[in-house]
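Analysis of the macromolecular model
If you want the building blocks of each chain, they are given just below.
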Amino acid sequence: PSGPGVAEPDGDLERYIGSFKVVVDRKYNVMVGKLARKLTHPLREVETELGNLMADCFADAAECDVMMLGAGSVRVEELGPRVTLGEMTSCFPYDDSLVNYSVDGATLKRMFAHIMRNANRDGEGECFQVNSGVRAVHDDATDTLASLSISGEQVPDDGTYAVCLQGYHATNSEANLGVVLDSSPGSTRVVATSAQDVFEEFLRNNQNADARVEGRLVYQ
């Protein structure tokens, strides 16, 4: 625009700003990985392909029994097959920590009952994606957790499990998971200070990775 009160563009300043754009574009347009196909994440309230891939990535790094990845931290509806650094950071912009907690089976069941409850699936709730080997079944008619198994074995109340969470969800566990987690020494272990770095390393080292919706979270 031009006219009274409107300053003329400063050519030197525009070129200076443009020089930064070139550097940024060069960095973020670099390909970090290639998926077997485009993976989708259409809704955070249900199990998704992309959510499964990412939950498995973090579960492997954490060596945990259960990875609970905040579904809302996956910020795109699809990713791949080619993935640049810019696309990766747009998909997963929250550079949070990953923390392992030791919980008993009864507590784990309360966590799943909380996140799978009917009232949480309204588009505003704090929902999660989980790793392979976990199968949680929710009965919508009674609004209760019907079953929870890990690696094909039903979870007993007195069992002990390693559960990995992002730092935000660990800090806000009562609101997000319906339980107050034990943060005393020996009950927690920081797996990584940068979940984003873990995801990037996974994409670089696992070319043509794939994932499918396979019944990890079931609503019936």
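Residues numbered from 1 in each chain as written. Predicted model: local features only at pLDDT ≥ 70, side-chain atom pairs only at ≥ 80, totals over all residues. Heavy atoms only, no water.

Overview of the overall build of the chain
Scanning the chain from N- to C-terminus turns up 7 helices and 13 strands. Projected onto the principal axes, the alpha-carbon positions of the chain cover approximately 70 × 40 × 40 Å. Put simply, the chain has 220 residues, and 44% of those count as buried. If you take every contact in the chain between residues at least 6 apart in sequence, the share linking residues at least 24 apart comes to 78%. Surface accessibility of the chain: about 11300 Å² in total, with carbon and sulfur atoms responsible for 49%. A distance of 6 Å separates the average location of the 19 positive side-chain charges in the chain from that of its 34 negative side-chain charges. (Helix = DSSP H or I, 4+ residues; strand = E, 2+ residues; numbered from the N terminus. Buried < 20%, exposed > 50% of the residue type's maximum accessible area, 1.4 Å probe, protein only. Contact = heavy atoms within 4.5 Å. Areas by Shrake-Rupley, 256 points an atom, 1.4 Å probe, with all protein chains shown as cover. Lys, Arg positive; Asp, Glu negative; His and termini not counted. Charge placed at Lys NZ, Arg CZ, Asp CG, Glu CD.)

A look at the environment of Leu108
Tracing the sequence through the fold places Leu108 in helix 4 (residues 105-116). Setting aside chain neighbours within four positions, we find Leu108 in contact with Val66, Val103, Leu148, Ile150, Val155, Tyr161 and Val163.

Focus: the pattern of salt bridges
Close approach of charged atoms allows side chains with opposite charge to pair. In the structure shown here, the tally under the stated rule is 9 salt bridges. As a salt-bridge pair, Arg37 and Asp210 come within 3.0 Å of each other at their nearest N and O atoms. Taken together, the positions of Arg37 in the loop between strand 1 (31-34) and strand 2 (39-40) and Asp210 in the loop between helix 7 (195-205) and strand 13 (217-219) put the pair 173 residues apart, joining distant regions of the chain. For Asp210, the salt bridge identified is with Arg212, shortest N-O distance 3.6 Å. Take Asp210: its relative accessible area is 36%, and that puts it in the partly exposed class. Among the charged side chains, a network of salt bridges with common partners joins Arg37, Glu49, Asp210 and Arg212. (Salt bridge = Lys/Arg side-chain N within 4 Å of Asp/Glu carboxyl O.)

What about the nonpolar core?
The biggest cluster of nonpolar side chains holds 32 residues, and the ones touching the most others in it are Leu50, Met54, Phe58, Met67, Cys91 and Phe199. The element best represented in this core is helix 2 (residues 49-62), accounting for 8 residues. Those residues in contact with Phe58 that lie beyond four places of it in its chain are Met67, Leu69, Phe92, Leu98, Ala195, Val198 and Phe199. Judged by nonpolar contacts, the second largest core, of 25 residues, contains Val99, Phe112, Val130 and Leu181. (Core = buried A, V, L, I, M, F, W, Y, C linked by side-chain atoms within 4.5 Å.)

What to know about the sheet that holds strand 7 (residues 128-130)
Pairing is mixed in the open sheet, where 5 strands are placed in the order 7-3-11-6-12. Here the strands that pair on one side only, and so sit at the sheet edges, are strand 7 and strand 12 (188-192). When strand polarity is set aside, the average angle formed by the axes of neighbouring strands in this sheet is 30°. Strand contacts of helix 2: strand 3 (66-70), strand 6 (98-104), strand 7, strand 11 (160-166) and strand 12, with the helix running at about 130° to strand 3, the strand carrying the most contacts. (Pairing = 2+ DSSP bridges. Axes fitted to C-alpha atoms, helices over the stretch in contact; angles between N-to-C directions.)

Thoughts on the sheet that holds strand 10 (residues 153-154)
Spatial ordering of the open sheet is given by 10-9-8-13, a layout of 4 strands whose pairing is mixed. Single-partner strands in this sheet number two, and they are strand 10 and strand 13. Relative to strand 9 (residues 144-150), strand 8 (residues 134-139) runs antiparallel, the two sharing 6 bridges. Note that in strand 9 the partner of Val134 across the bridge is Ile150. In this fold helix 4 packs onto strand 8, strand 9 and strand 13, with an angle of close to 125° to the strand it touches most, strand 9.

Notes on unusual backbone geometry
With an omega dihedral of 0°, the bond running from Gly80 to Pro81 counts as a cis peptide bond. A positive phi is found at Glu63, a non-glycine position, where the angle reads about 50°. Residue classification places Glu63 among the exposed residues on the basis of a relative accessible area of 68%. Even without being a glycine, Asn208 presents a positive backbone phi close to 65°. Note that Asn208 resides in the loop between helix 7 and strand 13. Relative accessible area serves as the criterion here: at 46%, Asn208 is assigned to the partly exposed category.

In short, geometric facts, not functional conclusions.
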